[in-house]
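Working through the structure, step by step
Residue strings, one per chain:
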Amino acid sequence: MGMVMGSERHQFELVPAPVQQCSIRIDKEDIKFSAGHFTLFADGARERLHGHNFKVSAVIATRITSHGMAFDYNIIKRAMRSLCEELDEYVLIPERAEALAISHAGRSVVIRYGEDEFRLPADDVKLLPIRNTTVEELAIYLLGRLVEMEAWSARWGVSEIALEVSSGPGQSAQCRWKSIGA
Ligand SMILES: Nc1nc2c(c(=O)[nH]1)N=C([C@H](O)[C@H](O)COP(=O)(O)OP(=O)(O)OP(=O)(O)O)CN2
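Please read these numbers as outputs of a predicted model, since none were measured by experiment.

Scoring rules and cut-offs
- Residues numbered from 1 in each chain as written.
- Predicted model: local features only at pLDDT ≥ 70, side-chain atom pairs only at ≥ 80, totals over all residues.
- Heavy atoms only, no water.
- Near = heavy atom within 4 Å.
- Polar contact = N/O pair within 3.5 Å; in protein donor to acceptor, adjacent residues only side chain to side chain.
- Areas by Shrake-Rupley, 256 points an atom, 1.4 Å probe, with all protein chains shown as cover.
- Helix = DSSP H or I, 4+ residues; strand = E, 2+ residues; numbered from the N terminus.
- Salt bridge = Lys/Arg side-chain N within 4 Å of Asp/Glu carboxyl O.
- Buried < 20%, exposed > 50% of the residue type's maximum accessible area, 1.4 Å probe, protein only.
- pLDDT = per-residue confidence, 0-100.
- Phe/Tyr/Trp six-rings, centres within 6.5 Å; stacked < 30°, edge-to-face > 60°.
- Lys NZ or Arg CZ within 6 Å of the ring centre and 35° of its normal.
- Axes fitted to C-alpha atoms, helices over the stretch in contact; angles between N-to-C directions.
- Parallel < 35°, antiparallel > 145°, perpendicular 65-115°, else oblique.
- Left-handed = near helix turned anticlockwise from the far one by under 90°.
- Contact = heavy atoms within 4.5 Å.
- Pairing = 2+ DSSP bridges.

**Considering the site of the ligand**
His37, Thr39, Glu47, His50, His52, Thr134, Val135, Glu136 and Gln171 make up every residue found near the ligand. Contacts to the ligand include glutamate 47, whose side-chain N or O atom sits 3.1 Å from an oxygen atom. Taking histidine 52, its side chain carries an N or O atom lying 3.0 Å from an oxygen atom of the ligand. Considered on its own, the ligand offers 610 Å² of accessible surface; in the complex 48% of this is hidden by protein. Taken together, the elements giving at least two residues each to the shell around the ligand come down to strand E5 (50-63) and helix H2 (135-149).

Structure representation (structure tokens):
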């Protein structure tokens, strides 16, 4: 029975259309990774090497099935946690940063930026296909990896995924993937 509205003579029932579209939001404190990085600025300045607890969250636009449920969101939680685990406790180096010269020497990675040189154990470094270790580039990278992991639109009618990376409370970047098919 929908909500009855209107005057005595013109009563009508506001029957909610069957809701088909909904968004699943995953924003959990433990979906995060601790990593070292430095940001390269357009004026040539570079931050000192430091670290953050980067937090990752996502909003997935999808459809509700006749079963009264979208896809099992544990699937996306597992995928997000797995991606965070890959980056946890590494120094994240942007392989596509034109201003960085990256080479390998024995068991070390050597990163040169102008006169500066970092020589780090290779086991402590994660070279990422990004242009700068910023929340923006990390969000784009992680979203791309997440989309590769599942055939979201084909399997569950997911129409959009917005993924957000935060480097601390109140500062983050969000990027979006839209499915062509769904
Ligand atoms: N557009 C962006 N700008 C900046 C980024 C970024 O990723 N995208 N990152 C940085 C630095 O990495 C900097 O470390 C950001 O962290 P910071 O502001 O120091 O973080 P705090 O949590 O310490 O914030 P406070 O405001 O200092 O408390 C800079 N710019």
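Next comes the rest of the account.
**A few points about the pattern of salt bridges**
Under the defined criterion, the tally for this structure stands at eleven salt bridges. Where arginine 145 meets glutamate 86, a salt bridge forms, and the shortest distance between an N and an O atom there is 2.7 Å. Within this pair, whereas arginine 145 is found in helix H2, its partner glutamate 86 is found in helix H1 (residues 74-87), the two being separated by 59 residues in sequence. With a relative accessible area of 21%, arginine 145 lands in the partly exposed category. With relative accessibility at 28%, the residue glutamate 86 sits in the partly exposed group.

**Digging into the confidence of the model for the protein**
The predicted model of the protein has a mean per-residue pLDDT of 90, with 88% of residues at 70 or higher. Complex prediction metrics read pTM 0.88 and ipTM 0.92.

**Structural notes on the packing of aromatic side chains**
On inspection of all chains with the given rule, the structure shows three aromatic pairs. Aromatic side chains phenylalanine 33 and phenylalanine 54 sit 5.1 Å apart centroid to centroid with 20° between the ring planes, which places their arrangement in the stacked category. A residue pair is termed long-range when its members are at least 10 positions apart, and phenylalanine 33 in strand E4 (residues 32-37) and phenylalanine 54 in strand E5 qualify at 21 residues. Note on phenylalanine 38 and phenylalanine 118: the rings are 5.0 Å apart at their centroids and 10° apart in plane angle, and the pair reads as stacked. On the criterion of sequence distance, the pair formed by phenylalanine 38 in the loop between E4 and E5 and phenylalanine 118 in strand E9 (residues 116-121) is long-range, its members being 80 residues apart. Across the pair, phenylalanine 118 and phenylalanine 38 agree in class, each one buried. In this structure, lysine 126 packs its charged tip against the face of tyrosine 90, placed 4.6 Å from the ring centre.

**Points about the packing of H1 against H2**
The geometry of a pair of packed helices is captured by two quantities: the angle between their axes and the separation between those axes. In contact at an axis separation of 10 Å, H1 and H2 are set at 130° when each is read in the N-to-C sense. Judged by the angle between their axes, H1 and H2 are oblique. The way H1 lies across H2 gives a crossing that is right-handed. Of the residues in H2, those in contact with Ile76, Ala79, Met80, Ser82, Leu83, Glu86 and Leu87 of H1 are Tyr141, Leu142, Arg145, Leu146 and Met149.

**Points about the sheet that holds E9**
Here three strands make up an open sheet; going across it, the order is E7-E8-E9 and the pairing antiparallel. What marks the edges here is a single partner per strand, and that holds for strand E7 (101-105) and E9. Put simply, the sheet's adjacent strands are angled 20° from each other on average, direction ignored. Inspection of the sheet shows E7 paired to strand E8 (residues 108-113) by five bridges, in the antiparallel sense. Note on E8: the bridge partner recorded for isoleucine 102 is isoleucine 111.

**Some details on the side chain of lysine 55**
Take lysine 55: it is sitting in strand E5. Taking the relative accessible area as the measure of exposure, lysine 55 reaches 19% and is therefore buried. Ignoring sequence-local partners within four residues, the contact set of lysine 55 consists of Asp27, Lys28, Glu29, Ile31, Lys32, Glu164, Val165 and Ser166.

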